[in-house]
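# Structural description and commentary
Each chain, written out:
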There are 2 protein chains.
Amino acid sequence: MDFQNYFPIWTKLTTSQQEQLLGGLMERNVSKGTVLHNGNMDCTGLLLVKTGQLRAYILSDEGREITIYRLFDRDMCLFSASCIMRSIQFDVTIEAEKDTVIWIIPADLYQGIMAESAPVANYTNELMATRFSDVMWLVEQIMWKSLDKRVAAFLLEETSIEGTNTLKITHEAIANHLGSHREVITRMLRYFQSEGMVNLSRGTVEITDTHKLESLCDN
Amino acid sequence: MDFQNYFPIWTKLTTSQQEQLLGGLMERNVSKGTVLHNGNMDCTGLLLVKTGQLRAYILSDEGREITIYRLFDRDMCLFSASCIMRSIQFDVTIEAEKDTVIWIIPADLYQGIMAESAPVANYTNELMATRFSDVMWLVEQIMWKSLDKRVAAFLLEETSIEGTNTLKITHEAIANHLGSHREVITRMLRYFQSEGMVNLSRGTVEITDTHKLESLCDN
């Protein structure tokens, strides 16, 4: 499968725009853990995920993290090319959560096409609206939901992404997704274990009662 | 001053698009406190502020509020027309914070022009990026900043908006901006008063030491 099949508005581009894109594209294999973009880097470009998984997060001055969204196969990352819009006044860090194959579209190339193409500009609008919705969901979670519900929802989301109830994840990593501290997450997971919802062992969280976790979330 | 002078990309529209816009526009005077849009309403349309002040906020199931951004003269409100983009998956409430004069651009009219006009689609992108930046700022505040700093920053912002150090605002209203509870805000303001930073009387918060409030924020 080639780029053409992954870029949803390919057929709405002119032949010249298609040629420009194909001429400027770069395909890259990145290993799990690689930081693809952060606020200090130059404008990396738009990232289209062929296969794999990326995580976008923000960092506090003290080094605390919180995940703002994740990207999977066929998702496009816009904020690694934040230079294309002057109104984007925030920095995100983009990291590969799994070994990932991406296409990089250079920012200036995309910007040029977007300036002249209503379909590309409207597609970009929908991309931004999708991420905006992710962040609004996050605001609602951190404002109105207690941490036990957020941890439960995170564990359920992970089992869905990974397709297994046995998650290879550290307490530190969970804390970094949720903007919390490792000690706080450890205490919460031990409480979940005492309630029979999870089983903890080194580097692993096994979900043993999905229904109980779900009802905790919905409560 | 007319609509043409307030709509920043007016000259980038075709004559036909200009006529469509002028033909579909509605000008409205709304009194302070009017709810212009909420999630249950039909798609209200885009709101362009001629003069006045709007507040966009979200509501929890329990009725708690948090302000996500505010709009002043010449600002455009996009999320009152969230139906124009299917990827906008969240609801905001828009309320007039002062007596306000707005133009309403019907959503379907704007959507039609945006679909064919790259300048309008790119302008809309910049609008959304601006609000996105507001919300990312909010996420950073609620994740990494303690409430004392957030209350101090809010009071300083208000004095700047209102052009006075004597704010006519209730503790309840401050709580609704910050997603907190009235009792918590009252306790915080009393602490600020004991530190000589504010002076409290019924319905009024007077800022008496701006420098001390500022250094609390920056701390």
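All values derive from a computational prediction rather than experimental measurement.

Attention now goes to the overall build of chain A. A tally of regular secondary structure across chain A gives eight helices and 11 strands. The C-alpha extent of chain A, read off along each of the three principal axes, is 60 × 35 × 30 Å. The buried share of chain A, taken over its 219 residues, is 34%. Within chain A, contacts between residues separated by at least 24 positions form 68% of all contacts whose residues are at least 6 apart in sequence.

Now for the relation of the copies chain B and chain A. Superposition of the two copies of the chain requires a rotation about an axis together with a shift along that axis. With an RMSD of 0.0 Å, chain B superimposes on chain A once it is rotated by 180° and translated 0.0 Å along the axis. Within this description, the copies of the chain are treated as partners about a two-fold rotation axis. Proximity to the rotation axis, assessed at the C-alpha, singles out Ala 118 of chain B in chain B; its C-alpha lies 1.9 Å from the axis. Looking at chain B, 100% of its interface residues are interface residues in chain A too, so the copies touch through the same face.

Let us now look at the packing of helix H5 (residues 147-162) of chain B against helix H8 (residues 210-218) of chain B. Residue and element names in this part refer to chain B. Two elements in contact, H5 and H8, have axes whose closest approach is 8 Å; the angle formed by their N-to-C orientations is 135°. For the element pair H5 / H8, the angle class is oblique. Read as a crossing pair, H5 and H8 show a hand that is left-handed. Each of Asp 148, Lys 149, Ala 152, Ala 153, Leu 155 and Leu 156 in H5 lies in contact with H8, whose residues at this interface are Leu 213, Glu 214, Leu 216 and Cys 217.

So, on to the environment of Ala 153 of chain A. Checked against the element boundaries, Ala 153 of chain A lands in helix H5 (residues 147-162). Taking the C-alpha atoms as reference points, Ala 153 of chain A and Ser 82 of chain A, 71 residues apart in sequence, are found 30 Å from one another.

It is worth spelling out the interface of chain B and chain A at this point. Facing 33 residues of chain B, the contacting portion of chain A comprises 33 residues. Taken together, the elements giving at least two residues each to the side of chain B that touches chain A come down to helix H3 (107-116) and helix H4 (118-144) of chain B. At 19 residues, the largest contribution of residues to the side of chain B that touches chain A is made by H4 of chain B. Residues belonging to the side of chain B that touches chain A are distributed by class as follows: 19 nonpolar, 10 polar and four charged.

Let us look at the nonpolar core. With 109 residues, the main nonpolar core has Leu 46, Leu 48 and Cys 77 of chain A together with Leu 46, Leu 48 and Cys 77 of chain B as its most contacted residues. In terms of residue count, the dominant contributor to this core is helix H4 (residues 118-144) of chain A (nine residues). If we skip the residues at most four places from it in the chain, Cys 77 of chain A touches Leu 46, Leu 47, Leu 54, Leu 71 and Ile 94 of chain A.

Time to look at the packing of H5 of chain A against helix H6 (residues 171-178) of chain A. For any two helices packed against each other, the geometry is given by the interaxial angle and the distance between the axes. Residue and element names in this part refer to chain A. Closest axis-to-axis distance for the H5/H6 pair is 11 Å, and the angle between their directions is 110°. As far as their axial angle goes, H6 and H5 are roughly perpendicular. In contact with Arg 150, Val 151 and Phe 154 of H5, H6 contributes Ile 174, His 177 and Leu 178. The residue inventory of the contact of H5 with H6, partitioned by class, reads four nonpolar, one polar and one charged.

Averaged over chain A, the pLDDT score is 94; the fraction of residues at 70 or greater is 100%. The complex prediction reports pTM at 0.90, with the ipTM value standing at 0.89.

Take the sheet that holds strand E8 (residues 100-105) of chain B next. All names here are of chain B. Read from one edge of the open sheet, four strands run E1-E8-E3-E6, paired in antiparallel fashion. Of all the strands in the sheet, the pair left with one neighbour each is strand E1 (26-30) and strand E6 (76-77). The pairing of E1 with E8 spans five bridges and is antiparallel. In the sheet register, Arg 28 faces E8, and the bridge partner there is Ile 102.

Here we come to H3 of chain B. Among the residues making up H3 of chain B, those that are buried are Tyr 110, Ile 113 and Met 114 of chain B. Buried residues in H3 of chain B, looked at end-on, bunch into an arc of 100°, giving them a common side. Buried-residue contacts for H3 of chain B involve H4 of chain A together with helix H2 (15-24), strand E3 (46-51), E8 and H4 of chain B.

How each quantity is defined
Residues numbered from 1 in each chain as written. Chains lettered and ligands numbered in written order. Predicted model: local features only at pLDDT ≥ 70, side-chain atom pairs only at ≥ 80, totals over all residues. Helix = DSSP H or I, 4+ residues; strand = E, 2+ residues; numbered from the N terminus. Buried ≥ 20, exposed ≤ 12 C-beta atoms within 10 Å, placed from the backbone. Contact = placed C-beta atoms within 7 Å. Least-squares fit on C-alpha atoms with pLDDT ≥ 70 in both. Axes fitted to C-alpha atoms, helices over the stretch in contact; angles between N-to-C directions. Parallel < 35°, antiparallel > 145°, perpendicular 65-115°, else oblique. Left-handed = near helix turned anticlockwise from the far one by under 90°. Nonpolar A, V, L, I, M, F, W, Y, C, P; charged D, E, K, R; others polar. Core = buried A, V, L, I, M, F, W, Y, C linked by C-beta atoms within 7 Å. pLDDT = per-residue confidence, 0-100. Pairing = 2+ DSSP bridges. Arc of directions from axis to C-beta.

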